[in-house]
Amino acid sequence: MRRLATMFSPLVVPLAALLLPTLAAAQPCPPAPLQRASLPATRVTVAHGAPLTIVAFGSSSTEGAAASGSEATYPAQLEARLRAALPGLPLVVLNRGKGGQEVPEMLARLEADVLAEHPTMVIWQAGANAVLQGMPAEEFRAALAGGVARIQAAGADVLLMDSQRAPRILQSPGFERLDAAIDGLAEATSAELFSRAALMRAWEAAGTPSAEMISPDGLHHNDRGYACVAAALARTILAAAGPVPAPAQVAKR
């Protein structure tokens, strides 16, 4: 499967719709290359003006640990940005994150929390707890691959999200092997990769240290970090969705 590539690219949606200054953190997001992904189910859904259901699946980074409130989590921020960019399209981003979990625990709730929602896309954030728990990379990848297969069999796009560049991750032995496992799985399947590692490296290169996007706990994003992850995700999804139908066209469907 083609790996997700990064490049700067214009989008068909207004830039103002993605920035949403009233929803973003006080400081703007640093520039970063667009991470491109192939999301065919999402593209077809948007093209037809059909309801778009995205499930954000994962652990504490998805649930929103260290965020100032539920509206500051990345799934909530992502939904707000997509609604602004896709006016008239019925869409929802469901937060199905549970702190402390890794892939085996997530698989136990995959049917009830994810597949039962009949999602168009699943954004699956995993790996941080596996790093902290010392989970072998081979075991992690095998479990993740099983879940990806079940989601794809249900007809949904899968966008895998790797770990944040936070002190507690970087100080844990083996984090590179877990990142490589996620990357390799995206290579081997029709899943795609949204890399927070690449995103945060781009922020660093643009003059915004990772520490400015991480909360005092040394692990989770702060509000600005969550907002900027959501902004980058929105760009990826909108680029993959292709030309956006006009609100009048959506209303007629």
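An account of the accompanying structure is given in this report. All figures in this text were calculated on a predicted structure; none of them were measured in a lab.

### A closer look at the overall build of the chain
In step 1: Helix and strand counts for the chain stand at 13 helices and 7 strands.
In step 2: Split into buried and exposed, the 253 residues of the chain put 56% on the buried side.
In step 3: Taking the intrachain contacts of the chain between residues at least 6 apart in sequence as the baseline, contacts between residues at least 24 apart amount to 81%.
In step 4: For the chain, the exposed area adds up to about 10,300 Å²; of that, 58% sits on carbon and sulfur atoms.

### Concerning the nonpolar core
Nonpolar side chains in soluble globular proteins tend to end up buried together.
In step 1: The biggest cluster of nonpolar side chains holds 72 residues, and the ones touching the most others in it are Leu78, Ile123, Trp124, Phe140 and Leu144.
In step 2: Broken down by element, this core gets its largest block of residues, 11 residues, from helix α12 (residues 223-241).
In step 3: Sequence-distant contacts of Trp124, that is, excluding residues within four places in its chain, are made with Phe57, Val103, Met106, Leu107, Leu144, Gly147, Val148, Ile151, Leu159, Leu160 and Met161.

### Regarding the sheet that holds strand β6 (residues 157-161)
In step 1: The strand order β4-β3-β5-β6-β7 describes an open sheet built from 5 strands, whose pairing is parallel. One side of each edge strand has no neighbouring strand; the edge strands of this open sheet are β4 (91-97) and β7 (192-194). The mean inter-strand angle of the sheet, taken between neighbouring strand axes irrespective of direction, is 20°.
In step 2: The pairing of strand β3 (residues 52-58) with strand β5 (residues 121-125) spans 4 bridges and is parallel. Within β5, the residue paired with Ala56 across the bridge is Ile123.

### Focus on the packing of helix α11 (residues 196-205) against α12
In step 1: Between α11 and α12, the shortest axis-to-axis distance is 11 Å and the interhelical angle comes to 110°. Considering their axes alone, α11 and α12 lie roughly perpendicular with respect to each other. Between α11 and α12 lies a crossing of right-handed hand. Contacts from Arg196, Leu199 and Trp203 of α11 reach α12 at Gly225, Cys228, Val229 and Ala232.
In step 2: Grouping the constituent residues of the contact of α11 with α12 by class yields 5 nonpolar, 1 polar and 1 charged.

### Some thoughts on the state of the cysteines
In step 1: Applying the stated criterion across every chain, the model contains 1 disulfide.
In step 2: Covalent S-S linkage joins Cys29 and Cys228, the inter-sulfur distance amounting to 2.2 Å. The disulfide joining Cys29 to Cys228 has a torsion of about -100° about its S-S bond and is therefore left-handed. In this pair, Cys29 sits in the loop between α1 (15-19) and β2 (34-35) while Cys228 sits in helix α12, placing the two residues 199 residues apart along the sequence.

### Considerations on the pairing of β6
Consecutive side chains of a regular strand alternate in pointing toward one face of the sheet and then the other.
In step 1: Counting buried residues in β6 gives 5 out of 5 residues, a clear majority hidden from the surface.
In step 2: Because side chains alternate across β6, one face comprises the buried residues Asp157, Leu159 and Met161, and the other comprises Val158 and Leu160, equally buried.
In step 3: By the bridge criterion, 5 bridges tie β5 to β6 in an arrangement that is parallel. In the strand pairing of β6, Gln125 is matched with Met161.

### What to know about the environment of Ala234
In step 1: Considering the arrangement of structural elements, one finds Ala234 in helix α12.
In step 2: The class of Ala234 is buried, set by a relative accessible area of 0%.

### A closer look at the packing of aromatic side chains
In step 1: In this structure the tally under the stated criterion is 1 aromatic pair.
In step 2: Ring centres of Phe57 and Trp124 lie 5.2 Å apart, and the angle between their planes is 45°; on these two criteria the pair is classed as tilted. Of this pair, Phe57 sits in strand β3 while Trp124 sits in strand β5, placing them 67 residues apart in sequence.
In step 3: By relative accessible area, Phe57 is classed as buried at 0%.

### What to know about helix α2 (residues 40-47)
Every α-helical turn comprises 3.6 residues, leaving residues that sit three or four positions apart pointing alike.
In step 1: Within the span of α2, buried status applies to Ala41, Thr42, Thr45 and Val46. On an axial view of α2, the arc spanned by its buried residues comes to 125°, and they lie on one face.
In step 2: Against the buried residues of α2 lie β3, β5, β6 and α12.

### Some remarks on helix α8 (residues 137-153)
In step 1: The first and last C-alpha atoms of α8 sit 24 Å apart over 17 residues, in line with the 24 Å expected at 1.5 Å per residue.
In step 2: Those residues of α8 lying buried are Ala137, Phe140, Ala143, Leu144, Gly147, Val148 and Ile151. In a view along the axis of α8, the buried residues occupy a sector of 140°, so they form one face of it. In this structure, α8 carries Glu138, Ala142 and Ala153 as exposed residues pointing more than 90 degrees from its buried face.
In step 3: Residues of α8 that are buried make contact with α5 (103-108), α6 (110-113), β5, α7 (128-133), β6 and α10 (175-188).

Rules and cut-offs
- Residue numbering note: each chain is counted from 1, following its sequence as written.
- Only residues with pLDDT of 70 or above have their local features reported here, since the model is predicted, and side-chain atom pairs are shown and tallied only from 80 upward, although totals for entire chains, interfaces and linings are computed over all residues.
- Based on all heavy atoms of the structure, the side-chain values leave hydrogens and waters out of the count.
- Numbering of helices and strands starts at the N terminus; helices are DSSP runs of H or I of at least 4 residues and strands are runs of E of at least 2.
- Residue burial is assigned from relative accessible area. The probe radius is 1.4 Å, only protein chains are included, and a residue is buried under 20% of its type maximum, exposed over 50%, and partly exposed in between.
- Here, residues are in contact when the closest pair of their heavy atoms is within 4.5 Å.
- Methods summary: accessible areas were calculated by the Shrake-Rupley approach with a probe of 1.4 Å, and residue burial reflects only the protein chains presented.
- Residue types Ala, Val, Leu, Ile, Met, Phe, Trp, Tyr and Cys, when buried and joined through side-chain atoms within 4.5 Å, form a set referred to as a nonpolar core.
- A pair of strands is labelled paired if DSSP reports no fewer than 2 bridges between them.
- Note on definitions: angles span 0 to 180 degrees between N-to-C directions of axes, and those axes are lines fitted to C-alpha atoms, for helices only across the stretch in contact.
- For this classification, under 35 degrees means roughly parallel, over 145 means roughly antiparallel, 65 to 115 means roughly perpendicular, and everything else is oblique.
- Two helices that cross are described as forming a left-handed crossing if the nearer one is turned anticlockwise from the farther one by less than a right angle, and a right-handed crossing if clockwise.
- Residues are sorted three ways: Asp, Glu, Lys and Arg are charged, Ala, Val, Leu, Ile, Met, Phe, Trp, Tyr, Cys and Pro are nonpolar, and all the rest, Gly among them, are polar.
- The disulfide criterion used throughout: a pair of cysteine sulfur atoms within 2.5 Å.
- When the centres of two rings from Phe, Tyr and Trp lie within 6.5 Å, Trp using its six-membered ring, the rings pair. Their planes under 30 degrees apart give stacked, over 60 give edge-to-face, and anything left gives tilted.
- When we speak of the arc, we mean the arc of directions from the helix axis to the C-beta atoms.
- The span one expects for a helix is its residue count, reduced by one, times 1.5 Å.

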